[in-house]
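# Overview (structure and organization)
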Amino acid sequence: MRIDVVTIFPELFEAFLRTSLLGSAREAGVLAVEAHDLRRFTHDRHRSVDDVPYGGGPGMVMKPEPLVEAIEALAGPKGPDRGARVILLSPQGTPFHQARAVELAGESHLVLVAGRYEGVDQRAVELAVDEELAIGDYVLCGGEIPAMVAIEAVARLVPGVVGNPASVETESFGDARLEGPQYTRPAVFRGLEVPAVLRSGNHAAIARWRAEQAFEWTRRRRPDLLGRRREEGS
Ligand code: 4HQ
């Protein structure tokens, strides 16, 4: 899979993309991820990417010209023949969740657009963006961290990115449940014991206990997940 990011802060992605599973997957050639400086697609002396909002109001709006140029350079023109899916990270987008990550992991090429300021000129959205995603109901300063969230959620589902595929399947939300508690050594820490069943060696009992804990945690902490239908995934 290939992922391109359009941003005015490509340096934010450097350590992120070099580190851990993403770094290894990129080195192994399983994944190609690159951040592109939006200012490369400007033509004026000041390399402007923003301008004042029509109608007035606080803040600035991202100019359409550099954005559309950048997106078209990476993804081609919008339309049925476009080989990539272009996603704008925005609080106005549809909520991002595990089921969408699974779908996006099946794409061959994603272009993620990280905006700044008050947002993006709507004509750039209409002309060049395929879909808008929101990672949550809160407001950040830019779409860079939302883009990283999408990259990490999607990339770990791409075959070969996570070494042990079993750990991808059993984790939370794959089945719209929370995971229960996890323990490692020591068996007793500050007087708190690891539940005996986990040390019993009885694998059937362990599996049953974990399923119960997962259900109980979900019921208490996220009852909304239990009401959802399976196809929604999360
Ligand atoms: N922003 N989910 C404002 C977000 C956001 C979110 C991205 C801040 C876009 C212009 N993006 N910029 N929440 O808060 O995706």
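Residues numbered from 1 in each chain as written. Predicted model: local features only at pLDDT ≥ 70, side-chain atom pairs only at ≥ 80, totals over all residues. Heavy atoms only, no water.

So, about the overall build of the protein chain. The helix and strand tally for the protein chain stands at nine helices and nine strands. For the protein chain, long-range pairs separated by at least 24 residues make up 74% of all intrachain contacts whose partners lie at least 6 apart in sequence. With the model as given, the accessible surface of the protein chain reaches about 13,900 Å², and the carbon-plus-sulfur share is 53%. Distance from the positive charge centre (28 side chains) to the negative charge centre (34 side chains) of the protein chain: 7 Å. (Helix = DSSP H or I, 4+ residues; strand = E, 2+ residues; numbered from the N terminus. Contact = heavy atoms within 4.5 Å. Areas by Shrake-Rupley, 256 points an atom, 1.4 Å probe, with all protein chains shown as cover. Lys, Arg positive; Asp, Glu negative; His and termini not counted. Charge placed at Lys NZ, Arg CZ, Asp CG, Glu CD.)

Quick look at the confidence of the model for the protein chain now. In this model, the protein chain carries an average pLDDT of 95, and 94% of its residues clear a pLDDT of 70 or more. By mean pLDDT, helix H7 (residues 165–170) is the weakest element of the protein chain at 77, and strand E6 (residues 109–114) is the strongest at 99. (pLDDT = per-residue confidence, 0-100.)

By size, the foremost hydrophobic cluster in this structure holds 29 residues, and its most contacted members are Phe 13, Leu 31, Phe 96, Leu 112, Ile 151 and Val 154. Looking at this core, the elements that each hand over two or more residues are strand E1 (2–7), helix H1 (12–18), helix H2 (20–27), strand E5 (85–95), helix H4 (98–105), E6 and helix H6 (144–155). Examining the composition of this core, we find that seven residues originate from one element, H6, more than from any other. Among all residues touching Phe 13, those that are not within four sequence positions of it are Val 5, Thr 7, Ala 35, Glu 144, Ala 147, Met 148 and Ile 151. (Core = buried A, V, L, I, M, F, W, Y, C linked by side-chain atoms within 4.5 Å. Buried < 20%, exposed > 50% of the residue type's maximum accessible area, 1.4 Å probe, protein only.)

Around the ligand lies a shell of 16 residues, among which Ser 90, Ile 135, Gly 136, Tyr 138 and Leu 140 are the nearest. Within the backbone of Ile 135, an N or O atom sits 3.0 Å from a nitrogen atom of the ligand. With the chains in place, 95% of the 360 Å² that the ligand exposes on its own is no longer accessible. Counting residues per element, the shell around the ligand draws most heavily on E5, which supplies three residues. Here the shell around the ligand is built from residues that sort into ten nonpolar, five polar and one charged. (Near = heavy atom within 4 Å. Polar contact = N/O pair within 3.5 Å; in protein donor to acceptor, adjacent residues only side chain to side chain. Nonpolar A, V, L, I, M, F, W, Y, C, P; charged D, E, K, R; others polar.)

Turning our eyes to something else, we now look at the sheet that holds strand E7 (residues 131–134). With parallel pairing, the five strands of this open sheet are ordered in space as E2-E1-E6-E5-E7. Because the sheet does not close on itself, it has two edges, and the strands there are strand E2 (32–37) and E7. Strand-to-strand twist in this sheet, taken as the mean axis angle between neighbours without regard to direction, amounts to 30 degrees. The pairing of E1 with E2 spans six bridges and is classified as parallel. For Val 5, the partnering residue across the bridge sits in E2 and is Ala 35. In the packing of helix H3 (residues 64–75) onto the sheet, contacts are made with E1, E2, E5 and E6, and the angle to E6 comes to roughly 165 degrees. (Pairing = 2+ DSSP bridges. Axes fitted to C-alpha atoms, helices over the stretch in contact; angles between N-to-C directions.)

A few words on the pattern of salt bridges. For side chains bearing opposite charge, pairing can occur when the charged atoms are close. In this structure the tally under the stated criterion is 13 salt bridges. Measuring nitrogen to oxygen at the nearest pair gives 3.1 Å for the salt bridge that ties Asp 130 to Arg 82. With Asp 130 in the loop between helix H5 (122–128) and E7 and Arg 82 in the loop between H3 and E5, this pair connects stretches of sequence that are 48 residues apart. For Arg 85, the salt bridge is made with Glu 131, and the minimal N-O distance between the two is 2.7 Å. Remark: Glu 131 occurs in strand E7 and Arg 85 occurs in strand E5; sequence separation between them is 46 residues. Looking at Arg 85, the relative accessible area reads 25%, which means it is partly exposed. Among the residues examined, Glu 131 registers a relative accessible area of 11% and is labelled buried. Because the salt bridges share partners, they merge into one network encompassing Arg 85, Arg 100, Glu 103 and Glu 131. (Salt bridge = Lys/Arg side-chain N within 4 Å of Asp/Glu carboxyl O.)

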